[in-house]
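Topology and contacts: notes
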Amino acid sequence: MPPPAHANSKATVIVNAQVADGTGKSLRKANVRIVGNHIVRIGNFKPEHEDRVIDAKGLVLAPGFIDIHNHSTDGLQTDPLAETQIAQGLLPS
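Structure report, in brief. (Residues numbered from 1 in each chain as written. Predicted model: local features only at pLDDT ≥ 70, side-chain atom pairs only at ≥ 80, totals over all residues. Heavy atoms only, no water.)

**Here we look at the overall build of the protein chain**
Let me state the cut-off plainly: Put simply, DSSP H or I for four residues or longer makes a helix, DSSP E for two residues or longer makes a strand, and each gets a number counted from the N terminus. Exposure categories follow from relative accessible area, calculated using a 1.4 Å probe and restricted to protein chains: below 20% of the type maximum is buried, above 50% is exposed, and the middle band is partly exposed. Values of accessible area rely on a 1.4 Å probe in the Shrake-Rupley scheme; residue burial ignores everything except the protein chains shown.
Of the regular secondary structure elements, the protein chain holds 2 helices and 5 strands. Of the regular secondary structure in the protein chain, the N- to C-terminal order runs β-β-β-β-β-α-α. Each of the 93 residues in the protein chain was classed as buried or not, and the buried ones make up 23%. Entry remark: accessible area of the protein chain is about 7,100 Å², with carbon and sulfur atoms responsible for 54%.

**A look at the nonpolar core**
The condition is simple: To qualify as a nonpolar core, a set must consist of buried Ala, Val, Leu, Ile, Met, Phe, Trp, Tyr and Cys residues joined through side-chain atoms within 4.5 Å. Residues are treated as being in contact if the distance between any of their heavy atoms lies within 4.5 Å.
In this structure, I14, A17, V19, A30, V32 and A56 together form the largest nonpolar core, which totals 6 residues. Counting only elements with at least two residues in this core, the list comes to β1 (12–19) and β2 (28–35). Ranked by the residues each element gives to this core, the list is headed by β1, at 3 residues. Filtering out sequence-adjacent residues up to four positions away, V32 remains in contact with T12, V13, I14, V19, I39, R41, I42, F45 and L61.

**With respect to the pairing of β1**
Put simply, the rule reads: If DSSP finds at least two bridges between two strands, the strands pair.
In terms of residue burial, β1 counts as a mostly covered element, since 6 of its 8 residues are buried. As paired strands, β1 and β2 are joined by 6 bridges and run antiparallel to one another. Bridging from a neighbouring strand, T12 pairs with I34 of β2. Here 4 bridges tie β1 to strand β4 (residues 52–55), and the two strands are oriented parallel to one another. Its bridge partner lying in β4, V13 is registered against V53. The pairing of β1 with strand β5 (residues 60–61) spans 2 bridges and is classified as parallel. Note on β5: the bridge partner recorded for Q18 is V60.

**Description of the pattern of salt bridges**
Note the threshold: Salt bridges are identified by distance alone: a Lys or Arg side-chain nitrogen within 4 Å of an Asp or Glu carboxyl oxygen.
Counted according to the given criterion, the structure contains 1 salt bridge. Here R33 makes a salt bridge to D51, at a shortest N to O gap of 2.7 Å. A residue pair is termed long-range when its members are at least 10 positions apart, and R33 in strand β2 and D51 in the loop between β3 (38–43) and β4 qualify at 18 residues. Grouping residues by exposure puts R33 and D51 together as buried.

Structure (structure tokens):
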């Protein structure tokens, strides 16, 4: 199956990363293509000519962390927006 059309749009590509995908599998060397706010491709591919390229050689890339163990309710009186938690994808209840 060919990649979606937006996968060939101008993007940011992180190259040479050691990717931790959250499945428990070993780290694997891969490039990661980001268009807008979405990861659209992970694997062995070359960036397009106009892409912004970030070299992550020697670094680990682990997208998608969400803090699922949280005590936001204790701090909502002093920080009602809970921006640090919202930025991680966790909405206060």
